[in-house]
Amino acid sequence: MNNIRLDISKAKIFLKEGVFESYGPRAMAALKAVEDGTRAGNDFLGWVNLPSSLTPEFLADIKAEAQLLRENCEVIVVAGIGGSYLGSRAVIEAMSNSFQWLTNKGENPTILFAGNNIGEDYLAELCEFLKDKTFGVINISKSGTTTETALAFRLLRKQCEEQRGKEMARKVIVAITDAKKGAARITADQEGYKSYIIPNNVGGRFSVLTPVGLLPIACAGLDIEQLVAGAKAMEEATSTNIPFDKNISAQYAAIRNAIYMDLGKKIEILANFQPKLHFIAEWWKQLYGESEGKDQKGIFPASVDFTTDLHSMGQWIQDGERSIFETVLSVETTKHSVLFPHDDENLDGLNFLEGKRVDEVNKMAELGTQLAHVDGGVPNIRIIVPEISEYYLGQIIYFFEKACGISGYILDVNPFNQPGVEAYKKNMFALLNKPGYEAESKAIQERLANKK
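Residues numbered from 1 in each chain as written. Predicted model: local features only at pLDDT ≥ 70, side-chain atom pairs only at ≥ 80, totals over all residues. Heavy atoms only, no water.

*Asks:* I'd like to hear about the pairing of strand β10 (residues 380–387), residue by residue, with values.
*Replies:* Burial analysis of β10 places 6 of its 8 residues in the buried class, which makes it a mostly covered element. The pairing of strand β1 (residues 5–7) with β10 spans 3 bridges and is antiparallel. The residue bridging L6 from the neighbouring strand is I383, located in β10. Pairing between strand β9 (residues 324–333) and β10: 7 bridges, direction parallel. (Buried < 20%, exposed > 50% of the residue type's maximum accessible area, 1.4 Å probe, protein only. Helix = DSSP H or I, 4+ residues; strand = E, 2+ residues; numbered from the N terminus. Pairing = 2+ DSSP bridges.)

See below:
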């Protein structure tokens, strides 16, 4: 099978001659550091060789547990936040029928997501929806104390036990958590839930190919073996054995840093012309935002869905401040074929498109957009994906992960920690008077009083 490809020709033209190539040695040195574990964050590099280390026996166990849930549940709720849900949701949304949740005929359970917000209405409406459903829960949390996920799991566990009985609840509740410690581990052991381990050396945003992502994806009826095979192919294609001029992860890391450092472009917009890839972009935003946004550095990751957002964000991208560059996920082949129909009255003036495939029109919109944005001063990177399938989604995931590690080291930050995400939690807990936060609570109250 072919691999995804990278086209940086419409980005290099904005750089002075030789600039991109000068980043090659830095990118390859960073890649070597990722693979050898010689720089900051080296205790979180378990994802690097993950695809090639997954055994058939491990995948068979995941598939068997998924089948048990599929046989006993109309609905499966995945409780998790950030990397604990974004990767699986990205793959499931990309591969599923866009209207499956409305037209589900029992072939696959409906996969829903909770624990990724503190929305009271969302949780109330979810619990109401589940009242007449046979449902199960996949609870994904390393600590078991993350507020959003712990709250959702409390509600879902109670409702599942009340509706289905404690014995069946034990059968359809699965914990994906730490191997030895934490509230979720204690609960799983006490209740006898089937459990899977989140590897200590794999951070959440890099965890799609662990049980965190694989179990929900398998529950949706998707081929996790092909997902892993695609990631394994990309692991090989982006290793230090592959030179810079053929290594697309190293090239992507290099070009985005050249644009950032040499041109001063501080915002990267990930665009796609396939609505099914919306959550791939959401996962990508977390991956790069949490990995690179440190020490007052980092490219800001944003995303748009084209052609939809050409009618909203298109004006800004075309004529706004020139602080952006664009990376486009370009899918070569669609699953379905729809022809533009004839209309006798032709009031919309579109009969000139009669007989053309809708995707042909979409491809011309993509090319026209690229030409317009490049003319408007927006460097354009293009990632060519042969088709949307488990195999190529596995490639996309690993390609971006490897490039993220390389890019973070070029930027001279630790791409595998996230110290900044704790700041809001401390304030929130202090405002809610959580035990142990008395000093912080007092300081915040004084701060708020002084503002008045």
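*Asks:* Any details on the sheet that holds strand β4 (residues 135–140)? Residues and values, ideally.
*Replies:* Strand order in the open sheet made by the 5 strands is β3-β2-β4-β5-β6, with parallel pairing throughout. Of all the strands in the sheet, just β3 (110–114) and β6 (194–197) have a single pairing partner and so form its edges. This sheet shows a mean twist of 20° between the axes of neighbouring strands, independent of strand direction. The pairing of β4 with strand β5 (residues 173–177) spans 4 bridges and is classified as parallel. In the sheet register, I140 faces β5, and the bridge partner there is I176. Packing of helix α9 (residues 147–172) onto the sheet brings it into contact with β2 (75–79), β3, β4 and β5, and relative to β4 it is tilted by some 135°. (Axes fitted to C-alpha atoms, helices over the stretch in contact; angles between N-to-C directions. Contact = heavy atoms within 4.5 Å.)

*Asks:* So what's going on with the environment of I299? Residues and values would help.
*Replies:* Along the polypeptide, I299 turns up in the loop between α14 (278–292) and β8 (300–305). I299 gets classed as buried once you look at its relative accessible area, which sits at 4%. Placed 43 residues apart in sequence, I299 and R256 show a C-alpha to C-alpha distance of 8.6 Å.

*Asks:* Quick one: what's the story with unusual backbone geometry, residue by residue and with numbers?
*Replies:* For the peptide bond that leads from F306 to T307, omega is 10°, which places it in the cis range. Mapped onto the elements of the fold, T307 is located in the loop between β8 and α15 (314–319). One non-glycine residue with positive phi stands out, namely Q296, at about 60°. The topology assignment puts Q296 in the loop between α14 and β8.

*Asks:* Break down the pattern of salt bridges for me, with residues and values.
*Replies:* One pass over the full model with this rule turns up 27 salt bridges. Two residues, K63 and E225, come together in a salt bridge whose shortest N-O distance is 3.3 Å. A residue pair is termed long-range when its members are at least 10 positions apart, and K63 in helix α5 (residues 56–72) and E225 in helix α12 (residues 224–237) qualify at 162 residues. For E290, the salt bridge is made with R205, and the minimal N-O distance between the two is 2.9 Å. Taken together, the positions of E290 in helix α14 and R205 in the loop between β6 and α11 (211–219) put the pair 85 residues apart, joining distant regions of the chain. Here E290 falls in the partly exposed class, since its relative accessible area comes to 24%. One network of salt bridges, in which partners are shared, links R157, E161, K166, E167, R170 and E191. (Salt bridge = Lys/Arg side-chain N within 4 Å of Asp/Glu carboxyl O.)

*Asks:* Got a sec to walk through the packing of aromatic side chains? Specific residues and values, please.
*Replies:* Summed over the entire model, instances satisfying the criterion amount to 18 aromatic pairs. Measuring from ring centre to ring centre gives 4.8 Å for W47 and F206, while their planes differ by 20°; the resulting arrangement is stacked. Taken together, the positions of W47 in the loop between α3 (24–36) and α4 (50–53) and F206 in the loop between β6 and α11 put the pair 159 residues apart, joining distant regions of the chain. What links up through ring pairs into an aromatic cluster is the set Y252, W283, W284, Y288, F399 and F400. (Phe/Tyr/Trp six-rings, centres within 6.5 Å; stacked < 30°, edge-to-face > 60°.)

*Asks:* Which residues make up the pairing of β5, and what values do they have?
*Replies:* Taking burial as the measure, the 5 residues of β5 include 5 buried ones, the bulk of the element. The alternating pattern of β5 places I173, A175 and T177 on one face and V174 and I176 on the opposite face, and all of these are buried. Note on the crossover from β4 through α9 to β5: the handedness is right-handed. As paired elements, β5 and β6 share 4 bridges and run parallel to each other. Pairing of I176 across the sheet is with Y196, part of β6. Regarding the hand of the β-α-β motif, the stretch spanning β5, helix α10 (residues 183–191) and β6 is right-handed. (Right-handed = clockwise from strand over helix to strand, strands pointing away.)

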